[in-house]
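Topology and contacts: notes
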Amino acid sequence: MPTSTKLYGTRLSAWAIAAAIVLTAAFVLAAFYAPIEADQGFSQKIFYVHVPLAIVTLIGFVFGGVSAVQYLRSGDTRHDLRSYTAIHQSLIFCLGALITGSIWAKAAWGQWWVWDEPTLVSFLIVFLLYATYQPLRFSIEDPERQARYAAVFAVVAGAFIPLNFIAVRLADPLIHPRVLSKSGGNLPGDMKLTFYVAIIGMLLLFITLYKYEMTAKHSRAQVRALKRRLGALDQDAPRGRSAAPSVTAS
Amino acid sequence: MSGPGTFAAARAVLAKELLLERRAPQTLVAMALFSGTAYVIFHFALQRDSVSGNLASGVLWVTVLLAALLGVGRLFVADRDEGGLDGFLLAPVDRTALLFAKTLTLFTFLLALEIVAVPLFDILLLGPSPGIGDWGGVLLVLVLADLGIAVVGTLVAAIAVRTRSRDLITSILALPLLIPVVIGASRATAPIFAAAGAGSLPGRWLAVLALYDLIFALLAWALFDFLVED
């Protein structure tokens, strides 16, 4: 019997190409089609990178929380792997959102960090919280307990995000005039189109990277299982603890 | 399920916790000493003989928060080391009883700490003291914030006690989760400590604290069973 009949990553290249095309289109639109914003000039263009990054980050964290709930309800470790991978990728996107936000702040207000931009401050807090996800997993040895505790964390952190946004936004005196509502609600049409294309492109990039990580984990497990069947020493086995969920080739 | 009800079980565990702390005071003493030392540190670090307004509010809440972390770090340690958790799991009672008992324990510890730490703050650092009536507002904020700290602290303590690096996990998990409490509580008490005389208590920050307490209480209730499954 073959070790696994399921092939992972078969459509990975299609996702990658789609992400590359849409993101390139978004950046071309941002550079040549979208108008130069009157107040901030060219530096406002980072909006088309920063805000999609932030939105996709939140979608990833929510997906991680939902997968965690599914894991707690079913005990199916595939949900744990989804939750782990989504949070892992979102954390990287979150860092990207923070860095681009910081660059934007420098360009717009001359400072690398402004405390009265509530969304950015909220993202920093959310980043600091989710950054503890990996250390938490790493410090629990038993894989079943690691998955369960990580799922509890993912649910708590998911519920924390909106609460944190409310608290930080209320604390903000709104000194800076808000040129753009970040929801895109009052954007002119050509900016809106560019913005939506950029969000779709960023989402495709997230999905590609997510699937890439899943594929890597599964193929490593499959290689390990095949080596075991050949009687080879399992040299690739993770030694000691790991923050990642253990994948067994099905 | 037979056996004692949830509240009877929670009362029994709470009584045990308070009895332990009364016979061999450990956590509370450490928390109180910490708060006293923190005020001395703030005096020298800020180079101020007295603080008021936002600064006073911040000093008080940083001290309470960090002192609370000491309590959170100790919350389940004795039970794990002495087999109390296993004993509880063998008993035919609802797991939620442990959540109730531990949350109430931490809440009681925090109130007990503040009975010492807040007057000490008034004597050592606080600029113009607010009137007796204004302390009622401070008490209200303290109770709301303590509830939130107790609920989140219990959840974090239950997670951290099963990890290898318990102290590290407690701090790095609890601090970001408690930032909204610090925002709400320090904003709420800042006008009371104002140098120009106590202002009114801002209602929306009480609402934020109450919302935080409610959401995390429900979450803890829903999730706690998964943390004590084995």
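Not measured: the values here are computed from a predicted model. (Residues numbered from 1 in each chain as written. Chains lettered and ligands numbered in written order. Predicted model: local features only at pLDDT ≥ 70, side-chain atom pairs only at ≥ 80, totals over all residues. Heavy atoms only, no water.)

Our next topic: the overall build of chain B. Along chain B, the regular secondary structure elements total 10 helices and 0 strands. In chain B, the order of α-helices and β-strands from amino to carboxyl end is α-α-α-α-α-α-α-α-α-α. Referenced to the eigenvectors of the C-alpha coordinate spread, the extents of chain B come out at roughly 60 × 30 × 30 Å. When burial is assessed residue by residue, chain B has 50% of its 230 residues classed as buried. Expressed as a percentage of contacts within chain B between residues at least 6 apart in sequence, the contacts between residues at least 24 apart total 82%. Approximately 10000 Å² of chain B is accessible, and the part contributed by carbon and sulfur atoms is 67%. (Helix = DSSP H or I, 4+ residues; strand = E, 2+ residues; numbered from the N terminus. Buried < 20%, exposed > 50% of the residue type's maximum accessible area, 1.4 Å probe, protein only. Contact = heavy atoms within 4.5 Å. Areas by Shrake-Rupley, 256 points an atom, 1.4 Å probe, with all protein chains shown as cover.)

Check the secondary structure of chain A and you find 7 helices and 0 strands. The buried share of chain A, reckoned over its 250 residues, is 48%. Within chain A, contacts between residues separated by at least 24 positions form 77% of all contacts whose residues are at least 6 apart in sequence. Entry remark: accessible area of chain A is about 12100 Å², with carbon and sulfur atoms responsible for 66%.

Think of an α-helix as 3.6 residues a turn; residues three or four steps apart then line up on the same face. With 33 residues, helix α3 (residues 77-109) of chain A ought to run about 48 Å at 1.5 Å a step, and its terminal C-alpha atoms sit 47 Å apart, in line with that. The first or second residue beyond α3 of chain A is Gly110 of chain A, which carries a positive phi of 80°. (Expected span 1.5 Å × (residues − 1).)

The next thing to look at is the UniProt feature "transmembrane region" (unreviewed entry) in chain A. All names here are of chain A. The positions that UniProt labels "transmembrane region" (unreviewed entry) are, in the present scheme, residues 12-34, 46-69, 90-114, 120-138, 150-171 and 191-210. The span residues 150-171 is 95% helix and 0% strand, and its two end C-alpha atoms sit 30 Å from each other. Along residues 191-210 the backbone is 100% helical and 0% strand, and the end-to-end C-alpha distance reaches 28 Å. (UniProt positions renumbered as here; feature names shortened; annotations may be inferred.)

All names here are of chain B. Scanning the model with the defined rule gives 11 salt bridges over all chains in all. The partner of Lys102 in a salt bridge is Asp79, and the shortest N-O contact between them spans 2.6 Å. With Lys102 in helix α6 (residues 96-124) and Asp79 in helix α4 (residues 77-82), this pair connects stretches of sequence that are 23 residues apart. You'll find Lys102 and Asp79 in the same group, each marked buried. Taking the shortest distance from any N to any O, the salt bridge between Arg166 and Asp167 comes out at 3.3 Å. One salt-bridge network, in which partners are shared between bridges, spans Lys16, Glu17, Asp79 and Lys102. (Salt bridge = Lys/Arg side-chain N within 4 Å of Asp/Glu carboxyl O.)

As a further point, take the interface of chain A and chain B. With 27 residues of chain A at the interface, the matching set in chain B holds 29 residues. Around 2700 Å² of area is buried between chain A and chain B when both sides are counted, 75% of it from carbon and sulfur atoms. Across the salt bridge formed by Arg164 of chain B and Glu141 of chain A, the nearest N and O atoms sit 2.7 Å from each other. Taken together, the connections running from chain A to chain B amount to 5 residue pairs in polar contact (both at pLDDT 80 or more). Secondary-structure elements contributing two or more residues to the side of chain A that touches chain B are α4 (118-130), α5 (133-138) and α6 (143-170) of chain A. Of all the elements, α6 of chain A adds the most residues to the side of chain A that touches chain B, at 15 residues. Partitioning the side of chain A that touches chain B into residue classes produces 20 nonpolar, 3 polar and 4 charged. (Buried area = accessible area lost by both parts, 1.4 Å probe. Polar contact = N/O pair within 3.5 Å; in protein donor to acceptor, adjacent residues only side chain to side chain. Nonpolar A, V, L, I, M, F, W, Y, C, P; charged D, E, K, R; others polar.)

Core analysis: the largest hydrophobic core is formed by 128 residues, its most contacted members being Tyr130 of chain A together with Phe76, Phe121, Phe193 and Phe216 of chain B. Among the elements that line this core, the one with the most residues is helix α7 (residues 132-160) of chain B, at 16 residues. Beyond its immediate stretch of four places on either side in the chain, Phe76 of chain B contacts Leu85, Leu98, Lys102, Thr154, Ala157, Ala158, Val161 and Phe224 of chain B. One finds Ala34, Val51, Trp104 and Val197 of chain A within the second-largest nonpolar core, a separate group that totals 16 residues. (Core = buried A, V, L, I, M, F, W, Y, C linked by side-chain atoms within 4.5 Å.)

Attention now moves to helix α1 (residues 6-23) of chain B. All names here are of chain B. Spanning 18 residues, α1 covers 26 Å between terminal C-alpha atoms, matching the ideal 26 Å at 1.5 Å per step. Those residues of α1 not exposed but buried are Ala9, Ala10, Val13, Leu14, Glu17 and Glu21. Axial view of α1: buried residues confined to an arc of 135°, hence all on one face. Within α1, the exposed residues directed more than 90 degrees away from the buried face are Arg11, Arg22 and Arg23. (Arc of directions from axis to C-beta.)

Turning our eyes to something else, we now look at the UniProt feature "transmembrane region" (unreviewed entry) in chain B. Residues annotated by UniProt as "transmembrane region" (unreviewed entry) correspond here to residues 28-46, 58-77, 97-118, 138-161, 168-185 and 205-228 of chain B. Taken end to end, residues 97-118 of chain B has its terminal C-alpha atoms 31 Å apart, with 100% of it in helix and 0% in strand.

With the rule as written, the count across this model stands at 18 aromatic pairs over all chains. An angle of 70° between the planes, with centres 6.1 Å apart, marks the rings of Phe47 of chain A and Trp104 of chain A as edge-to-face. Taken together, the positions of Phe47 of chain A in helix α2 (residues 47-74) and Trp104 of chain A in helix α3 put the pair 57 residues apart, joining distant regions of the chain. Like Trp104 of chain A, Phe47 of chain A is buried. Here Trp113 of chain A and Trp115 of chain A contribute two aromatic rings whose centre-to-centre distance is 5.7 Å and whose plane-to-plane angle is 80°, an arrangement assigned as edge-to-face. On the accessibility criterion, Trp115 of chain A (61% relative accessible area) is exposed. For the cation-ring pair, Lys102 of chain B lies above Phe76 of chain B, with the distance from its terminal atom to the ring centre recorded as 4.9 Å. (Phe/Tyr/Trp six-rings, centres within 6.5 Å; stacked < 30°, edge-to-face > 60°. Lys NZ or Arg CZ within 6 Å of the ring centre and 35° of its normal.)

Now for the packing of α4 of chain A against helix α8 (residues 166-177) of chain B. Between α4 of chain A and α8 of chain B, whose axes approach to 9 Å, the crossing angle comes to 155°. Comparing their axes, α8 of chain B and α4 of chain A come out roughly antiparallel. Every pair of crossing elements has a handedness; the one defined by α4 of chain A and α8 of chain B is left-handed. Contacts between α4 of chain A and α8 of chain B involve Ile125, Leu128 and Leu129 of chain A on the former and, on the latter, Leu173, Pro176 and Leu177 of chain B. Classifying every residue of the contact of α4 of chain A with α8 of chain B by side-chain character gives 6 nonpolar, no polar and no charged. (Axes fitted to C-alpha atoms, helices over the stretch in contact; angles between N-to-C directions. Parallel < 35°, antiparallel > 145°, perpendicular 65-115°, else oblique. Left-handed = near helix turned anticlockwise from the far one by under 90°.)

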